[in-house]
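These are the residues of each chain, in order.
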Amino acid sequence: MDFMHRAAAWLAGGVVFAASCASVLAAAACLPERAILQHALLAMQSPVAAVACALPRPGPQPIPTTAPVQPTPAPAPAPTPTASPTPEPSPTPQPSTAPQIEDAGLIRAEQFRHGRGEGSISLSAGSIRNSTACADADLRAAVTTANLPFAVELNSDEPQVLILHTHATETYQTWPDLLYDRSAAARTRNTALNMCAVGARMAEVLNAAGIHTLHDETLHDFPSYTESYDRSRATAQEYLRQYPSIKVVLDVHRDAIEDADGTLVKPVCTIDGASTAQVMIIAGCDNGSTISLPNWRLNLRFAAAWEEAMESRFPGLTRPVLCGYRFYNQDLTTGSLLIEIGGHGNTLEEALRAGEFSALALAELLGGQQP
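Just so it is clear, the structure is predicted and the values come from calculations on it, not from any experiment.

Caption draft 1: Expanded view of the side chain of Gln160. Looking at where Gln160 falls in the secondary structure, it is placed in the loop between helix H4 (136–143) and strand E4 (161–164). Judged by its relative accessible area of 1%, Gln160 is buried. Among the polar contacts listed, one links the side chain of Gln160 to the backbone nitrogen of Glu153, at a separation of 3.0 Å. Not counting the four nearest positions on each side in its chain, Gln160 is found in contact with Ala151, Val152, Glu153, Ile211, His212, Ser245, Ile246, Lys247 and Val248.

Written as structure tokens, this is what we have:
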């Protein structure tokens with residue numbers, strides 16, 4: 001009886017085992033190799049072996065089909081901006097050499113000397129060229145008085161000096177080469193390049209010395225050159241009406257000197273190692289008829305004193321004062337003079353230096369503060 005029971009149990013277990021194996025095999029058909037083995041072990045009630053089978057086994061790594069992606073480097077930090085200094089404004093540079101000129105003329109540099117003998121009145125420094133019918137002794141007597149015919153008030157709120165330009169558009173060369181353009185007029189309305197630039201430099205020096213100076217930049221020779229002196233006279237009279245304190249009226253020009261062949265002559269000297277235009281004062285003389293200058297001797301006295309001040313402080317700066325039958329509106333004050341700063345063969349830089357030096361000497365003559 002016991003045997004029969006054990007046989008039936010054994011037979012039932014076999015049926016169960018066979019059914020389990022059948023289900024395992026059916027499931028294994030859909031699983032990969034290692035999964036088949038794992039499920040078989042589980043079915044055979046061996047979980048330890050199944051876990052061991054589930055652990056990864058080392059093996060060769062797969063070869064990538066594309067290049068590995070390189071990591072993107074972190075961006076470098078942007079530099080902290082630093083404020084750059086603001087450049088100082090500079091004057092417009094002038095050409096260092098002459099441009100290509102189709103019709104070029106020559107320029108000749110000459111330092112004019114002071115004369116001696118008849119027709120020339122020697123001063124303690126500088127001289128006067130007598131271009132009148134007056135005897136040299138008459139002119140010499142006019143300039144022997146030391147005092148000026150007027151007095152300037154220093155550091156005054158009221159103007160003492162007026163600078164203007166009858167021929168304001170007169171200009172200079174803008175390159176140092178001794179060539180000029182024959183087809184170009186030596187005139188411009190640009191006040192940074194014409195006589196107004198020189199007048200501005202002179203006014204700056206005088207004002208810095210405590211001599212209240214006005215500078216008029218009216219272009220009296222534009223658009224018409226004719227009657228320029230009539231227009232500048234009207235300008236000066238209006239200033240004198242508005243400011244009766246004005247003692248000195250300076251009409252600042254530049255000269256025009258040429259040789260017979262058209263070569264320009266530039267009057268030049270060297271001061272402090274730099275090329276500088278020479279200057280010439282013109283003092284008119286009454287001729288008793290068409291030129292009425294009753295106080296011409298007083299103007300000549302002022303001219304001689306300024307000549308001496310310039311030539312003694314800056315040797316070579318001056319040409320002889322020209323005393324001739326010229327009107328030039330010099331009847332307006334006893335301190336009315338015309339001064340030629342260089343000529344049209346000079347460079348603007350040479351003229352600006354000459355204007356500065358002549359103004360420094362004038363400031364010293366008038367008792368101004370010296371730098």
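That shown, we press on.
Caption draft 2: Summary view of the nonpolar core. With 58 residues, the main nonpolar core has Ile128, Val198, Leu250, Val252, Leu300, Trp306 and Ile341 as its most contacted residues. Discounting residues that sit within four places of it in the chain, Leu250 has contacts with Leu162, Ile163, Leu164, Phe302, Trp306, Leu337 and Leu362.

Caption draft 3: Up close: the environment of Ile128. Tracing the backbone through its elements, the reader meets Ile128 in strand E3 (residues 127–131). Sequence-wise, Ile128 and His114 are 14 residues apart; in three dimensions their C-alpha atoms are separated by 8.4 Å. Non-local contacts of Ile128, meaning those with residues more than four positions away in its chain, are made with Gly119, Ser120, Ile121, Leu123, Leu139, Val143, Leu300, Ala304, Val321 and Cys323.

Caption draft 4: Highlighting the sheet that holds strand E8 (residues 264–271). Read across the open sheet, the four strands follow the order E5-E1-E8-E9; overall the sheet is mixed. Edge positions in the sheet fall to strand E5 (179–181) and strand E9 (274–277), since each of these pairs with one other strand and no more. Each adjacent strand pair in this sheet contributes to an overall mean axis angle of 45°, direction not counted. Sheet topology places strand E1 (residues 104–110) next to E8; four bridges connect them, and they run parallel. In the sheet register, Glu110 faces E8, and the bridge partner there is Pro267.

Caption draft 5: Geometry of the packing of H4 against helix H7 (residues 296–313). One way to put it is that H4 packs onto H7 with a least axis distance of 8 Å and a crossing angle of 70°. When the interaxial angle is binned, H4 and H7 end up roughly perpendicular. On H7, the residues that touch Asp138, Leu139, Ala142 and Val143 of H4 are Trp296, Arg297, Leu300, Arg301 and Ala304.

Caption draft 6: Representation of the pattern of salt bridges. According to the stated counting rule, one finds eleven salt bridges in the structure shown. Notably, a salt bridge pairs Glu356 with Arg201, separated by 3.2 Å at the nearest N-O pair. Residue Glu356 is found in helix H8 (residues 348–365), and its partner Arg201 is found in helix H5 (residues 195–208); the two are separated by 155 residues along the sequence. For Arg201, a relative accessible area of 27% translates into the label partly exposed. Between Arg241 and Glu238 there is a salt bridge, with its nearest N and O atoms 2.6 Å apart. One end of the pair is Arg241 and the other is Glu238, both in helix H6 (residues 228–242) and three residues apart, which spans about a single turn. By relative accessible area, Arg241 is classed as exposed at 57%. Each member of the salt-bridge network shares a partner with another, and the members are Arg108, Glu110 and Asp259.

Criteria and thresholds
- Residues numbered from 1 in each chain as written.
- Predicted model: local features only at pLDDT ≥ 70, side-chain atom pairs only at ≥ 80, totals over all residues.
- Heavy atoms only, no water.
- Helix = DSSP H or I, 4+ residues; strand = E, 2+ residues; numbered from the N terminus.
- Buried < 20%, exposed > 50% of the residue type's maximum accessible area, 1.4 Å probe, protein only.
- Polar contact = N/O pair within 3.5 Å; in protein donor to acceptor, adjacent residues only side chain to side chain.
- Contact = heavy atoms within 4.5 Å.
- Core = buried A, V, L, I, M, F, W, Y, C linked by side-chain atoms within 4.5 Å.
- Pairing = 2+ DSSP bridges.
- Axes fitted to C-alpha atoms, helices over the stretch in contact; angles between N-to-C directions.
- Parallel < 35°, antiparallel > 145°, perpendicular 65-115°, else oblique.
- Salt bridge = Lys/Arg side-chain N within 4 Å of Asp/Glu carboxyl O.

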